[in-house]
Amino acid sequence: MDEKQQMLRNQQAWDAQTGAHVESEFYDVASFKAGKNSLRPFEQEALGDVRGRSLLHLMCHFGLDTLSWARLGAQVTGVDFSAESIAAATALAQELSIDAQFLQANVYELPGELDGAFDFVVMTYGTLIWLPDLDGWARAAARCLKPGGTLFVADFHPTAMLFDDELALTRSYFRSGPTEREVKQTYAGEMDQPHIQTTWPWTVAKLVTALGRAGLHVTRVDELPLDLRQRHPLMTQDDAGFWRLPGDPVPLLLICQAVRPARSTP
């Protein structure tokens, strides 16, 4: 099975789990409908005042964060390869009368109408592992930025995936090649039937190198000892709602920003 077929199978798996995610306690859509912003403080601090600015959210799932940026005044477009996710995002935007555009597209096949159209391109949490080609993704993201525009990536640090429940090291940070596994339950809910999913490993160095090759200038790389959920039994929740390991021994989140130079052609 080639990478395109593997991504199609992943797309079908995300289609299957979208409904459970919309109804899950993890996403808490009811609170969002009541006015809650789903964004973390450091995301808002990184982008600053987005009022009137154009923002593209790649791999947006069913759009809670996309719509949160819209509530802050951004002109948003969300893209995801899952038809079910895009349908759920569109329905939520219409229900809440939030001005937002959603498109179904593979990140490697973004429509030309997005070229050079955005002040910000954002991609957050659990996205990079679904990309077989970081260079191709970085070129696609850079192509969508206006000259001077900013790419913002926040994701789970690759070191967070290396340990078992007892924090024993189980795999190499430098492993290569895809991983296939049967998934019966996701982080946010059970699936109606098991699905095979494929993920690809990455390192911080590979990410930064891909951005540079795409013609972007990396301006920020932060590693934080924080997680958004209790990934390991030893984690405890801090006052801000983040999950941490005792003693903060390894990074759990990565934040990366890069800028398209004012004069460039990705």
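Details of the structure are given in the entry above.
In this report, we go over the structure that sits alongside the text. Note that the structure is predicted; figures quoted are calculated from it, not measured. (Residues numbered from 1 in each chain as written. Predicted model: local features only at pLDDT ≥ 70, side-chain atom pairs only at ≥ 80, totals over all residues. Heavy atoms only, no water.)

A short note on the pattern of salt bridges
According to the stated counting rule, one finds eleven salt bridges in the structure shown. The shortest N-O distance in the salt bridge between Asp119 and Lys146 comes to 3.5 Å. Pair noted here: Asp119 is in strand E4 (residues 118-124) and Lys146 is in strand E5 (residues 145-156), with a separation of 27 residues, a long-range link. Given a relative accessible area of 31%, Lys146 falls into the partly exposed group. (Salt bridge = Lys/Arg side-chain N within 4 Å of Asp/Glu carboxyl O. Helix = DSSP H or I, 4+ residues; strand = E, 2+ residues; numbered from the N terminus. Buried < 20%, exposed > 50% of the residue type's maximum accessible area, 1.4 Å probe, protein only.)

Considering helix H1 (residues 3-22)
Its 20 residues place the ends of H1 28 Å apart at the C-alpha level, agreeing with the 28 Å of an ideal helix rising 1.5 Å per residue. Where H1 bends most, the angle comes to about 30°, and this point is Ala16. Three or more residues of H1 are buried, namely Gln6, Met7, Arg9, Asn10, Gln11, Ala13, Trp14, Gln17, Thr18 and His21. Here H1 starts with a cap whose side-chain oxygen sits 3.2 Å from the backbone nitrogen of Lys4, and that cap is Asp2. (Expected span 1.5 Å × (residues − 1). Bend = angle between axes of the 7 residues up to and from the residue. Polar contact = N/O pair within 3.5 Å; in protein donor to acceptor, adjacent residues only side chain to side chain.)

Describing the side chain of Gln11
On the secondary structure map, Gln11 appears in helix H1. At 3.2 Å, the side chain of Gln11 forms a polar contact with the backbone oxygen of Phe81. Excluding residues within four positions of it along the chain, Gln11 makes contact with Phe81, Ser82 and Gln104. (Contact = heavy atoms within 4.5 Å.)

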